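Overview (structure and organization)
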Amino acid sequence: MSTHDTDKRDGKPAEQADFLNLVEGKADIATTPTTNNEKSVQEKPSQITVIADSHDPKTDEERIKAAETLGNRDNLEAIAFECLAHGLSDRRVTSLLHVLGWPEQFSCFAIGGTAAATFDRSAAIIRRKAHDLGSEHCLVGRSNGLTVGIVVVQSAATPEVTCTAAMPAFDPAKPVCLGPTRRNVDGATRTLSATLSAFHVMPAIHPLPRPARAADMLPERALVGDTDAIDELYQNVYQSLKSENENDPTLQTVATFLTSGGSLDTTGKELNVHPNTVRYRIKRAADATGWDANDPRDAYVLHTAIIIGTIRDAQNGQAQR
């Protein structure tokens, strides 16, 4: 069977199943296919189980001892990044990050692009820039030919500032993407996934800014199945339009305005209100969501959010019956 054949466990590809076995301590690392990030991890396979079963290290001394037991820091960071890239955010990954000194709770974002030179050199630049700005935690890895850093928000290491500072790490002729800010281990998987999916949809964005923001590509990312984008459109856009008040006309007004081609008069006639009332409601919607229905790009975001929200609400209604 080739490495691309499907393993019977959960229908996962064999390579991914082998990787999960490695993290759980069930695979022999010496015989498990490795990426360049993991190539030096070739010994003590059974000790990976310490990650899955260990409690949170309480002191720096315990973290140092754990790191010495499991291997050098580069190996641990490579494994942690692969876990996040595979969407893993359970206690195994939490323990890995604890061993690396990451706190229990944190806010983080991702920066990704094509390395300007070698991966090692680009990774060093990202880590140094993040550290210089005050972030104590930065995880860098490779996925789909891209170099991606996950940086904890600390001190001056905010997303925009850090991304600007880290630009020399990336090929100046290729796109760079800044992922959304998310919370904790699950958030790290989501900002990494959002950043990677943004590169898939970049051909549809014209003009493409540099750096591009994954948060500005919500409709396109939703179209390719990015759950973070779908949730963002539903929770932060659609729900803001819908309001908890059933008599709030904002959602209906925006939906009608969009389907009428952005005409105040047509919308007013459809809803039997004055055009100025429509104008006021559209402005109120922009204040609530951050997206203005008068702008063509923003209108596309709102329209996509309304479609997603309408479908999800209908599905939720059927599930409750």
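Here the structure is a predicted model, which is why all the values come from computation and not from measurement.

Definitions and limits used
Residues numbered from 1 in each chain as written. Predicted model: local features only at pLDDT ≥ 70, side-chain atom pairs only at ≥ 80, totals over all residues. Heavy atoms only, no water. Helix = DSSP H or I, 4+ residues; strand = E, 2+ residues; numbered from the N terminus. Expected span 1.5 Å × (residues − 1). Buried < 20%, exposed > 50% of the residue type's maximum accessible area, 1.4 Å probe, protein only. Arc of directions from axis to C-beta. Contact = heavy atoms within 4.5 Å. Phe/Tyr/Trp six-rings, centres within 6.5 Å; stacked < 30°, edge-to-face > 60°. Lys NZ or Arg CZ within 6 Å of the ring centre and 35° of its normal.

1. Remarks on helix 13 (residues 275-289)
Given a rise of 1.5 Å per residue, 15 residues ought to cover 21 Å, and the 21 Å separating the end C-alpha atoms of helix 13 matches this to within 8%. Along helix 13, the positions that sit buried rather than exposed are Val 278, Arg 281, Ile 282, Ala 285, Ala 286 and Thr 289. Angular distribution of buried residues about the axis of helix 13 spans 145°; they occupy a single face of the element. Residues of helix 13 that are exposed and point more than 90 degrees away from the buried face comprise Tyr 280, Lys 283 and Asp 287. After helix 13 finishes, the residue Gly 290 shows a positive phi value of roughly 85°.

2. Description of the environment of Leu 196
Residue position: Leu 196 is located in helix 8 (residues 184-201). Separated by 53 residues in the primary sequence, Leu 196 and Ser 143 place their C-alpha atoms 8.0 Å from one another. Beyond its immediate stretch of four places on either side in the chain, Leu 196 contacts Ser 143, Leu 146 and Val 148.

3. Points about the packing of aromatic side chains
In this structure the tally under the stated criterion is two aromatic pairs. An angle of 80° between the planes, with centres 5.2 Å apart, marks the rings of Trp 102 and Phe 106 as edge-to-face. Classification of Trp 102 by relative accessible area gives buried; the value is 2%. Aromatic side chains Tyr 234 and Tyr 238 sit 5.6 Å apart centroid to centroid with 20° between the ring planes, which places their arrangement in the stacked category. Of the two residues, Tyr 234 and Tyr 238 both sit in helix 10 (residues 227-242), four residues apart, roughly one turn of that helix. Like Tyr 238, Tyr 234 is buried. Arg 312 extends its terminal NZ or CZ atom over the ring of Tyr 234, reaching a point 4.5 Å from the ring centre.

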